[in-house]
Amino acid sequence: MKMTGIKGGGIASQGEPWRNPDLRESSMQKKESVKICSHENTPKNSMAPRKKLKGLVAATITPMTPDGKINLPVIRQYVDYLVNEQNVKNVFVNGTTGEGLSLSIQERKQLAEEWMCQGKDKLDHVIIHVGALNLPECQELARHAAAIGADGIAVIAPFFFKPTNKDELVAFMQKVASEAPEVPFYYYHIPPLTGVKSRALSQKRPMFPHMRLLLCTVRVEELLDGIKAQIPTFQGVKFSDTDLLDLAQCIHKNETGEFEFLYGVDEQLLGALALGANGAVGSTYNYLGRQTNLMLQAFAKPDFALAQQYQFLTGEFLNFVIKLGFGVAQTKAVMTSVSGIPMGPPRLPLVAASSEFIIKAKAKLDSIVWPNGD
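Okay, so let's go over this structure. (Residues numbered from 1 in each chain as written. Predicted model: local features only at pLDDT ≥ 70, side-chain atom pairs only at ≥ 80, totals over all residues. Heavy atoms only, no water.)

**Some words on the sheet that holds strand S4 (residues 152-156)**
Move 1: On the basis of which strands lie adjacent, the closed barrel formed by 8 strands has the order S1-S2-S3-S4-S5-S6-S7-S8 and parallel pairing. Pairwise comparison of adjacent strand axes, ignoring direction, gives a mean angle of 25° for this sheet.
Move 2: Bridge count for S4 against strand S5 (residues 185-189) is 4 bridges, and the pairing is parallel. Within S5, the position partnered with Ile 153 by the bridge is Phe 185.
Move 3: Lying on the sheet, helix H3 (residues 105-119) is in contact with strand S2 (90-93) and strand S3 (125-129); it crosses S3 at an angle near 175°. (Pairing = 2+ DSSP bridges. Helix = DSSP H or I, 4+ residues; strand = E, 2+ residues; numbered from the N terminus. Axes fitted to C-alpha atoms, helices over the stretch in contact; angles between N-to-C directions. Contact = heavy atoms within 4.5 Å.)

**Observations regarding unusual backbone geometry**
Move 1: Here the residue pair Lys 301 and Pro 302 is connected by a cis peptide bond, since its omega of 5° sits within 30 degrees of zero.
Move 2: By the secondary structure assignment, Pro 302 is in the loop between helix H11 (289-300) and helix H12 (304-324).
Move 3: A cis amide bond links Leu 348 with the next residue in sequence, Pro 349, at an omega value of 15°.
Move 4: For Pro 349, the position within the fold is in the loop between helix H13 (328-339) and helix H14 (355-367).
Move 5: With phi around 70°, Asn 94 is a residue other than glycine that occupies positive phi space.
Move 6: Note that Asn 94 resides in the loop between S2 and H3.

**Focus: H12**
Move 1: Here H12 contains 21 residues, and its C-alpha end-to-end distance of 30 Å stays within 8% of the 30 Å for a straight helix at 1.5 Å per residue.
Move 2: Buried residues belonging to H12 abut helix H10 (269-275), H11, H13 and H14.
Move 3: Gly 325 lies just past H12 and shows a positive phi near 105°. (Expected span 1.5 Å × (residues − 1).)

**Some remarks on the packing of H12 against H14**
Move 1: Two numbers describe how H12 lies on H14: the axes approach to 10 Å, and their chain directions differ by 165°. Considered as vectors, H12 and H14 are oriented roughly antiparallel to each other. Of the two elements, H12 crosses H14, and the hand of that crossing is right-handed. In this structure, H12 uses Glu 316, Phe 317, Phe 320, Val 321 and Leu 324 to contact H14, whose residues at the interface are Phe 357, Lys 360, Ala 361, Lys 364 and Leu 365.
Move 2: Of the residues in the contact of H12 with H14, the class split is 7 nonpolar, no polar and 3 charged. (Parallel < 35°, antiparallel > 145°, perpendicular 65-115°, else oblique. Left-handed = near helix turned anticlockwise from the far one by under 90°. Nonpolar A, V, L, I, M, F, W, Y, C, P; charged D, E, K, R; others polar.)

**Quick look at the pattern of salt bridges**
Any two side chains of opposite charge can pair if their charged atoms end up close together.
Move 1: Scanning all chains against the criterion turns up 13 salt bridges.
Move 2: Residues Asp 246 and Arg 219 are paired through a salt bridge, measuring 3.7 Å at the closest nitrogen-oxygen approach. Placement of the pair is Asp 246 in helix H9 (residues 244-253) and Arg 219 in the loop between helix H6 (191-194) and helix H7 (220-223), with a sequence separation of 27 residues.
Move 3: Put simply, Lys 364 and Glu 316 hold a salt bridge, and the shortest N to O gap is 2.8 Å. Separated by 48 residues along the polypeptide, Lys 364 in helix H14 and Glu 316 in helix H12 bring together distant segments of the chain.
Move 4: Among the residues examined, Glu 316 registers a relative accessible area of 35% and is labelled partly exposed.
Move 5: Each of Arg 219, Asp 243 and Asp 246 takes part in a single network of salt bridges with overlapping partners. (Salt bridge = Lys/Arg side-chain N within 4 Å of Asp/Glu carboxyl O. Buried < 20%, exposed > 50% of the residue type's maximum accessible area, 1.4 Å probe, protein only.)

**Quick look at the environment of Tyr 187**
Move 1: Residue position: Tyr 187 is located in strand S5.
Move 2: By relative accessible area, Tyr 187 is classed as buried at 1%.
Move 3: In the structure, Tyr 187 is positioned 34 residues away from Ile 153 in sequence and 8.7 Å away in space, judged by C-alpha atoms.

**Let's talk about the pairing of strand S1 (residues 55-59)**
Move 1: The buried fraction of S1 is high, at 5 of 5 residues.
Move 2: Relative to strand S8 (residues 279-282), S1 runs parallel, the two sharing 4 bridges. Directly across from Gly 55, in S8, lies its bridge partner Gly 279.
Move 3: Of the strand pairs in this sheet, S1 and S2 are connected by 2 bridges, and their pairing is parallel. Paired with Ala 58 across the strands is Val 91, a residue of S2.

**Some remarks on the side chain of Gln 330**
Move 1: The topology assignment puts Gln 330 in helix H13.
Move 2: Here Gln 330 falls in the buried class, since its relative accessible area comes to 16%.
Move 3: With residues up to four places along the chain from it excluded, the contact list for Gln 330 reads Gly 325, Ala 353 and Phe 357.

**Some points on the nonpolar core**
Generally speaking, a soluble globular protein has its nonpolar side chains buried in company with each other.
Move 1: Residues Trp 115, Val 130, Met 173, Phe 185, Tyr 187, Phe 234 and Leu 269 are the most contacted members of the largest nonpolar core, which totals 92 residues.
Move 2: Setting aside its immediate chain neighbours within four residues, Leu 269 contacts Leu 56, Tyr 263, Gly 279, Ala 280, Tyr 285, Thr 292, Met 295, Leu 296 and Gln 311.
Move 3: Ranked by size, the runner-up nonpolar core spans 12 residues in total, among them Ala 59, Tyr 186, Tyr 188 and Leu 262. (Core = buried A, V, L, I, M, F, W, Y, C linked by side-chain atoms within 4.5 Å.)

**Concerning the environment of Glu 260**
Move 1: Position of Glu 260 relative to the elements: it lies in strand S7 (residues 260-263).
Move 2: Note on Glu 260: relative accessible area 1%, which makes it buried.
Move 3: Along the primary structure Glu 260 and Tyr 186 are separated by 74 residues, whereas in three dimensions their C-alpha atoms are 8.7 Å apart.
Move 4: Every residue in contact with Glu 260, bar those within four places of it in the chain, is listed here: Arg 50, Lys 52, Leu 53, Tyr 186, Gln 235, Gly 236, Val 237 and Asn 278.

None of the figures reported here should be taken as evidence of function without further support.
Printed below as a string of structure tokens:
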């Protein structure tokens, strides 16, 4: 499958100038200003009126070859599958499901470019996750996302040396967002992985009291106070936590509808919708997007009983596979089985799903009778 974008997101060696840091920075900025598709005439990231991000957003999987390299040619087929088979036209690239933190900066840039290129005129929003364990890499990825015309960027809190309060987290986000000053910015809240969680859960005495990095007390609703003054491009939150009280307080504060709240716990989406979430980012929307869209339609009618049926059945499948052991590797296997698109193995330390898991998960999914007759 022939690609139309430039190969790679890194900077090719240019000889002697690279010994000079100033020239290196200048060359990087020049490289990142190049458009990835020859037919793209104008960048998408000017702050002109934009289509509101709502509905389903697929947390994209990173396709890999059997030897563990990213498999870029598959993405064209992947885009067409999401749009035509799942009716999902928004994607969240290089996040948790995409193994973003297991990829090199070069790989993340290549993937971002390919999704932008293959998604042109097909996808409504391409959000690029630019979070990393250090600020310079986050900033580099933010600049790159802006240069290729991403519809938005998102960042998780750093999770080795953690922010310990709102001000520290906002200062970090501001430094990232300022590198893409015309791109909508989302905070990616995923406390099970980052440890940046609600105050109610983090007041326990740390194991080593002298290590301040172990204690983090940030509620998302606290971030919203004055956030636009510090981060003018702040657009909303990818809220991947089961703390619906915190989500409810966020939405209650958002009376003007200025921000977007995208829920990230697929099996609890209906509850988040009832609280006022704008939409959802999740891995199951790669292969259950059509059914989940029908749940959204039922909720909007409103036909709550029908919406419940869809949510219960999604939960039935997830409850089954979680008991077997379910994570990114297993998600790749399910997506391969359902779509026929080879997603390949995960990257170590994750290991591929077992044959037993694949057989059982497929049988369970095939056994489910959805209200629409599938």
